[in-house]
Amino acid sequence: MPRARALARALARAVDATARVALDGASMRATCARTMTKPNDARAVATARTRARAYSVGQMVHRDVPEDNSTMTWTFEASVRPKVDAILRRYPSNYKRSAMIPLLDLAQQQNKGHLTLAMMNHIADVLEVAPIRVYEVATFYSMFNRQKMGKLHVMVCGTTPCMLRGSREIEKALEEWMGVKKFETTACGTFTLGEMECMGCCVNAPMIAVADYRNGVEGYSYNYYEDLTPQTAVKVCEALKAGKSPRVGSQIRDKAEPIKGLTTLTGDPSGPFSRDLDQIKADVDAAAAAAAAAAAAEKK
Ligand code: FES
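Residues numbered from 1 in each chain as written. Predicted model: local features only at pLDDT ≥ 70, side-chain atom pairs only at ≥ 80, totals over all residues. Heavy atoms only, no water.

- The name given to the protein chain in an unreviewed UniProt entry is Thioredoxin-like fold, with Ostreococcus tauri as the source organism.
- A UniProt comment under Cofactor (unreviewed entry) is attached to the protein chain, and it reads "[2Fe-2S] cluster".
- Quoted straight from UniProt, the Sequence similarities (unreviewed entry) entry for the protein chain says "Belongs to the complex I 24 kDa subunit family." (UniProt positions renumbered as here; feature names shortened; annotations may be inferred.)

Here you go:
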């Protein structure tokens with residue numbers, strides 16, 4: 001029995017040590033990412049930030065840094081408050097927390113693409129919930145960014161239909177054109193290259209989505225660019241960088257129709273057909289008129 005207890009204690013110690021090593025490893029990587037940062041080296045800043053992001057995707061651990069810490073406060077701008085009120089009015093007061101995702105989205109738009117601790121705390125105050133309720137939502141959904149982003153967040157869809165149609169080549173072309181790797185931000189701060197899972201338009205795969213944070217909440221846009229090739233993906237980004245508005249949606253067709261034109265319903269339908277509803281209506285009307293005439297004749 002003592003031997004069993006000793007074994008159990010040794011096992012518990014081993015598990016504890018393994019967990020500590022894992023945690024230390026994670027925090028060391030995050031620390032390395034921070035200490036590698038040289039204040040005057042914009043590229044290093046961007047890379048360090050994005051490395052931290054890559055390593056924190058699983059846990060989204062917050063660590064106080066000068067620009068994002070627990071002593072800071074934040075509020076919605078006066079111009080954004082009508083939108084906040086409009087969102088809150090959608091829900092009964094006892095279900096205020098249902099406004100959490102729209103408010104996080106609005107806050108992120110106001111803050112040029114990322115959420116800070118102070119922003120999440122403010123939203124918790126607005127919704128009258130414990131801050132952890134906001135943290136758990138903001139760190140669960142990948143569309144909420146906890147690290148600073150470029151003005152344009154370009155997300156390449158990496159799920160199977162887009163991958164089979166060439167999304168990896170698109171990602172490579174964008175990496176080369178931007179001079180960054182996936183999850184990094186360009187030195188000038190214009191682009192962050194990211195990845196998303198299926199964005200629901202596989203029929204026009206491959207595609208990218210671009211969140212544009214350049215013009216605040218009023219000018220915010222989140223657009224899909226579809227049916228891309230590596231060349232057209234770069235062209236879309238070039239146009240966005242130049243302040244132009246490239247065609248949104250498919251780059252080569254109007255809708256989500258087959259790429260080589262219609263493959264079905266190309267001739268007259270062969271039936272079976274619907275009954276002739278016009279004739280049926282005419283018959284019913286005629287019968288009603290005859291019945292009315294017969295009733296009138298009877299009265300005379
Ligand atoms: S797989 Fe890319 S949109 Fe569905």
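So, a nonpolar patch on the surface
Okay, step 1: There is a patch of nonpolar side chains on the surface, built from Ile101, Phe140, Tyr141 and Met143 and spanning about 410 Å² of accessible area.
Okay, step 2: When you line up the elements, Phe140 lands in the loop between α6 (131-138) and β1 (152-157).
Okay, step 3: Taking the relative accessible area as the measure of exposure, Phe140 reaches 62% and is therefore exposed. (Patch = residues over 30% accessible without salt bridge, like charges linked within 9 Å, V, L, I, M, F, W, Y side chains within 5 Å. Areas by Shrake-Rupley, 256 points an atom, 1.4 Å probe, with all protein chains shown as cover. Salt bridge = Lys/Arg side-chain N within 4 Å of Asp/Glu carboxyl O. Helix = DSSP H or I, 4+ residues; strand = E, 2+ residues; numbered from the N terminus. Buried < 20%, exposed > 50% of the residue type's maximum accessible area, 1.4 Å probe, protein only.)

With respect to the sheet that holds strand β2 (residues 191-196)
Okay, step 1: Taken together, the five strands give an open sheet; going across it, the order is β2-β1-β3-β4-β5, and neighbouring strands pair in mixed fashion. Either end of the sheet is taken by a strand with one partner, and the two such strands are β2 and β5 (249-250).
Okay, step 2: Pairing between strand β4 (residues 221-226) and β5: two bridges, direction parallel. Its bridge partner being in β5, Tyr225 is matched across the sheet by Gly249. (Pairing = 2+ DSSP bridges.)

Considering the pattern of salt bridges
Okay, step 1: The tally for this structure, following the rule as stated, stands at eleven salt bridges.
Okay, step 2: The partner of Glu195 in a salt bridge is Lys182, with the nearest N and O atoms 3.2 Å apart. One end of the pair, Glu195, is in strand β2; the other, Lys182, is in the loop between α8 (167-178) and β2, and 13 residues separate them in sequence.
Okay, step 3: Here Asp212 and Arg214 are joined by a salt bridge, their closest N and O atoms 2.8 Å apart.
Okay, step 4: The buried category is assigned to Asp212, whose relative accessible area is 8%.
Okay, step 5: Looking at Arg214, the relative accessible area reads 28%, which means it is partly exposed.

Brief notes about the packing of α8 against helix α9 (residues 230-241)
Okay, step 1: The interhelical angle for the contact between α8 and α9, taken along N-to-C directions, is 40°, at an axis separation of 8 Å. Accordingly, the angle class assigned to the pair α8 and α9 is oblique. As for how α8 packs across α9, the hand of that crossing is right-handed. Of α9, the residues touching α8 (which contributes Glu169, Ile170, Ala173, Leu174, Trp177 and Met178) are Pro230, Ala233, Val234, Cys237, Glu238 and Lys241.
Okay, step 2: Looking at the contact of α8 with α9 residue by residue, the class counts come to nine nonpolar, no polar and three charged. (Axes fitted to C-alpha atoms, helices over the stretch in contact; angles between N-to-C directions. Parallel < 35°, antiparallel > 145°, perpendicular 65-115°, else oblique. Left-handed = near helix turned anticlockwise from the far one by under 90°. Contact = heavy atoms within 4.5 Å. Nonpolar A, V, L, I, M, F, W, Y, C, P; charged D, E, K, R; others polar.)

Details of the pairing of β2
Every regular strand shows the same layout, with side chains that alternate between the two sheet faces.
Okay, step 1: Among the six residues of β2, five are classified as buried, and the element is accordingly described as predominantly covered.
Okay, step 2: Two strands pair when backbone bridges link them, and β1 and β2 are joined in this way by six bridges, in the parallel orientation. Directly across from Val154, in β2, lies its bridge partner Leu193.

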